[in-house]
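# Close look at the chain arrangement
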Amino acid sequence: MRLRLPVRFGRRLPQLLVGLVLYGWSMAMLLRSGLGLDPWDVFHQGITNHVPITFGQVTILVGALVLLLWIPLRQRPGIGTVLNVFVIGLAADAGLAVMPAVTGLPGQIAMLLGGVVGNGLAGALYVGAHLGPGPRDGLWVALTKRTGHSIRVVRTVLEVTIVAVGWLLGGTVGVGTVVYALAIGPIVQFFMPWVEVRLDAVEPLPEPVAP
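### A look at the side chain of D41
With respect to the helices, strands and loops of the structure, D41 is situated in helix 2 (residues 39–48). One buried charge, D41, has no salt-bridge partner; the nearest side chain with opposite charge is R136, at 6.4 Å. Within the structure, D41 has its side chain in polar contact with the side chain of H44 (distance 3.0 Å). Sequence-distant contacts of D41, defined by excluding residues within four places in its chain, comprise M27 and F55.

### Brief notes about the packing of helix 2 against helix 3 (residues 55–73)
It is the contact of helix 2 with helix 3, at a shortest axis distance of 9 Å, that shows an interaxial angle of 115°. Of the two elements, helix 2 crosses helix 3, and the hand of that crossing is right-handed. Residue-level inspection shows W40, D41, F43, H44, Q45, I47 and T48 of helix 2 in contact with helix 3, the latter providing F55, V58, T59, V62 and V66. Residues that form the contact of helix 2 with helix 3 fall into these classes: seven nonpolar, four polar and one charged.

### What about the pattern of salt bridges?
For the structure on display, the rule yields one salt bridge. One salt bridge connects E159 with R155, and the closest N-O pair in it is separated by 3.0 Å. Taken together, the positions of E159 and R155, both in helix 7 (residues 151–168) and four residues apart, correspond to about one turn of that helix. When its relative accessible area of 21% is taken as the criterion, E159 is described as partly exposed.

### Observations concerning helix 4 (residues 79–98)
Taking 1.5 Å per residue as the helical rise, helix 4 with its 20 residues ought to reach 28 Å, and the 28 Å between its terminal C-alpha atoms agrees with that figure. Listed as buried for helix 4 are G80, T81, N84, V85, V87, I88, G89, A91, A92, G95 and L96. Tucked into the core, helix 4 has its buried residues touching helix 1 (9–33), helix 3, helix 5 (105–128) and helix 6 (135–147).

Reading guide: rules and limits
Residues numbered from 1 in each chain as written. Predicted model: local features only at pLDDT ≥ 70, side-chain atom pairs only at ≥ 80, totals over all residues. Heavy atoms only, no water. Helix = DSSP H or I, 4+ residues; strand = E, 2+ residues; numbered from the N terminus. Buried < 20%, exposed > 50% of the residue type's maximum accessible area, 1.4 Å probe, protein only. Lys, Arg positive; Asp, Glu negative; His and termini not counted. Salt bridge = Lys/Arg side-chain N within 4 Å of Asp/Glu carboxyl O. Polar contact = N/O pair within 3.5 Å; in protein donor to acceptor, adjacent residues only side chain to side chain. Contact = heavy atoms within 4.5 Å. Axes fitted to C-alpha atoms, helices over the stretch in contact; angles between N-to-C directions. Left-handed = near helix turned anticlockwise from the far one by under 90°. Nonpolar A, V, L, I, M, F, W, Y, C, P; charged D, E, K, R; others polar. Expected span 1.5 Å × (residues − 1).

Encoded structure:
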């Protein structure tokens, strides 16, 4: 019996991994900018201020806990969901280990913009691979299905809550948080047509072997 992998898996898995590594790296850039983080990273950084583990390790732990919330919500993970939990956190710690601290506003702005654009490209890469959403994205998708509310309402309430809790824990909320919120959607949308894997192609079956 021949094992059949998902359509275009040979491209989708590498693209997924590149996207996840770039996502973690761009998170590190936003941290180094010191100008503000995306909502979930405000929360991650806030927790980091109170526990003796790294930012990346907190990201992994939070991702794993969020994934557990999928069980009562009956949301099914994919291989990309599981890899998301671990790869992003490891990549973020690797980025923070090699990126020097940025001094001066021009350098901070450059780091912020690079982080936001990189994050948008990374999001398009791993979402476009179609191997499963990240645990945090899957959470609002599942809540939308279960509550019957719109995506806008569910995601807004969830992310505002996460930012507020992260800020109370000492996470960095600033101009970068606003820039990220306004820019990330259009950036992902811009890159998506270039990187999304089309799944409507049919893989040819192997030629029959003569008896």
